[in-house]
Structure formats: structure tokens, C-alpha cells
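Structural overview
Spelled out, the chains give:
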Amino acid sequence: MAIIDDAALDQIFRTARSYNGYTDQPVSTEDLHAIWDLMKWGPTATNQLPGRFVWCTSDEAKEKLAACCSDSNAAKVRKAPVTVIIAMDRDFHHHLPELFPHVDARPWFASEEGRAESAFRNSTLQGAYFLIAARALGFDTGPMSGFDGKAVDAAFFADTPNVTANFIATLGHGDPSTIFGRLPRPAFEKFNTLA
């Protein structure tokens, strides 16, 4: 497999930033489909794909989400072209016959506690794939916590109690004036151990 070039590595990682605001350039429904059609290829355990994504594009949806956020994050949600709720389905195992057809993996996830742990871990991976796919396609993102998860669940997942919010992220074409200075990223030795 070939190494991608430095420009692509910069766009996805080295010069990419978390944005607090965006330009007026729109994000289309086709753009959201393109992001999904790229990010869906990222691996999850047993191809469980527990992530559930709510793309808040309307003023009504943004306002409903903003009401669940801290004041500073609420302002970001209202102004961003799109904010996505990255959620997790703790009953993902019901889809395994379709997604993992070569063996019945449902018994592997008989424990509700085990499913919750797996859904959290793998939906977090899918959220990271979303960030990478969006950047690869020329968009900017602003992942964040700073919201009331129970309020988001009540507002968006009341009819699906097995689905709960993991984190949220704004999406658009970033306004460079809204980012902070680059924060430190330590050398390998600080947080890594060779065993």
C-alpha cells in the first residue's frame, strides 16, 4: 500500500484544526452522503457499525440541539452549517445477520453491559472516521462535548431508548479567525511505551 502524500497528510492531520466558526459556504445533502460513503468503510468490531448519526441541518434541529449545549457550544451549533450528533445503538447486534453474515455473532453480545461498552468504543471509532472523511473531502469540523447527554437523548432519541449520544461535531468550511493557536503535541516518548 502506498503512503499518501504530504499534502493529504497535512489536510487530514498536521494542519487540520478544530473550528469554532464557519464561512457561509453551504454543505449540501450530497456532501453528507459523500462523507458517509467514505467513513462507512472504517473498521468496527464484527462490522457492528453501532454509530447512529443525526445531521442537524435545519434551524429547528440546530435550535433543539443548541438548547442541550453549554452557552459557548450552543452558539457554535446555531451558526454552523451542520452539526452532527454521533450516537450509539446499544442494540446493534440485531443488525449483525446483515452486517456480519458469515456467522451468527449475536450470542457474542448477549450481555447488555458488554454491548454498551462495545457500542461506545466502536461508535467513537466511527466518530473519528467521520472527522477524517470530512477533512479528506475538504470540510472542517469542530468535535465537542459540553452538552447534556440526557437532554440530547430525550430531544432526539425518545423513540429509540437503545440509542444515546456519544459526542457532537460541527461541520462546514472553517473560518480561520475562529481557531486558537496550535496546542502542543508531544513527542513519542512522552505517552508511548515499547513493550
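What counts as what
Residues numbered from 1 in each chain as written. Predicted model: local features only at pLDDT ≥ 70, side-chain atom pairs only at ≥ 80, totals over all residues. Heavy atoms only, no water. Helix = DSSP H or I, 4+ residues; strand = E, 2+ residues; numbered from the N terminus. Buried < 20%, exposed > 50% of the residue type's maximum accessible area, 1.4 Å probe, protein only. Polar contact = N/O pair within 3.5 Å; in protein donor to acceptor, adjacent residues only side chain to side chain. Core = buried A, V, L, I, M, F, W, Y, C linked by side-chain atoms within 4.5 Å. Contact = heavy atoms within 4.5 Å. Salt bridge = Lys/Arg side-chain N within 4 Å of Asp/Glu carboxyl O.

**Let's talk about the environment of aspartate 148**
Along the chain, aspartate 148 turns up in the loop between β3 (140-144) and α7 (149-156). For aspartate 148, a relative accessible area of 42% corresponds to the partly exposed category. With 141 residues separating them along the chain, aspartate 148 and alanine 7 place their C-alpha atoms 37 Å apart. A polar atom in the side chain of aspartate 148 sits 3.1 Å from the backbone nitrogen of alanine 151.

**Things to note about the nonpolar core**
Judged by nonpolar contacts, the single largest core of 18 residues is most densely connected at Leu65, Ile85, Val152 and Ile168. Of all elements in the fold, only α3 (59-66), α4 (71-79), β2 (82-89), α7 and β4 (163-172) reach the threshold of two or more residues within this core. Setting aside chain neighbours within four positions, we find valine 152 in contact with Leu65, Cys68, Ile85, Phe147, Phe157 and Ala165.

**With respect to the side chain of arginine 115**
Inspection of the secondary structure puts arginine 115 in helix α6 (residues 112-136). Judged by its relative accessible area of 9%, arginine 115 is buried. A polar atom in the side chain of arginine 115 sits 3.4 Å from the side chain of histidine 93.

**A look at the pattern of salt bridges**
Enumeration over the complete set of coordinates arrives at eight salt bridges. A salt bridge links arginine 14 to aspartate 6, with the nearest nitrogen and oxygen atoms 2.7 Å apart. Exposure remark for arginine 14: the relative accessible area of 45% places this residue in the partly exposed category. Across the salt bridge formed by glutamate 117 and arginine 121, the nearest N and O atoms sit 2.8 Å from each other. Highlighted residues: glutamate 117 and arginine 121, both in helix α6, separated by four residues, approximately one helical turn. When its relative accessible area of 45% is taken as the criterion, glutamate 117 is described as partly exposed.

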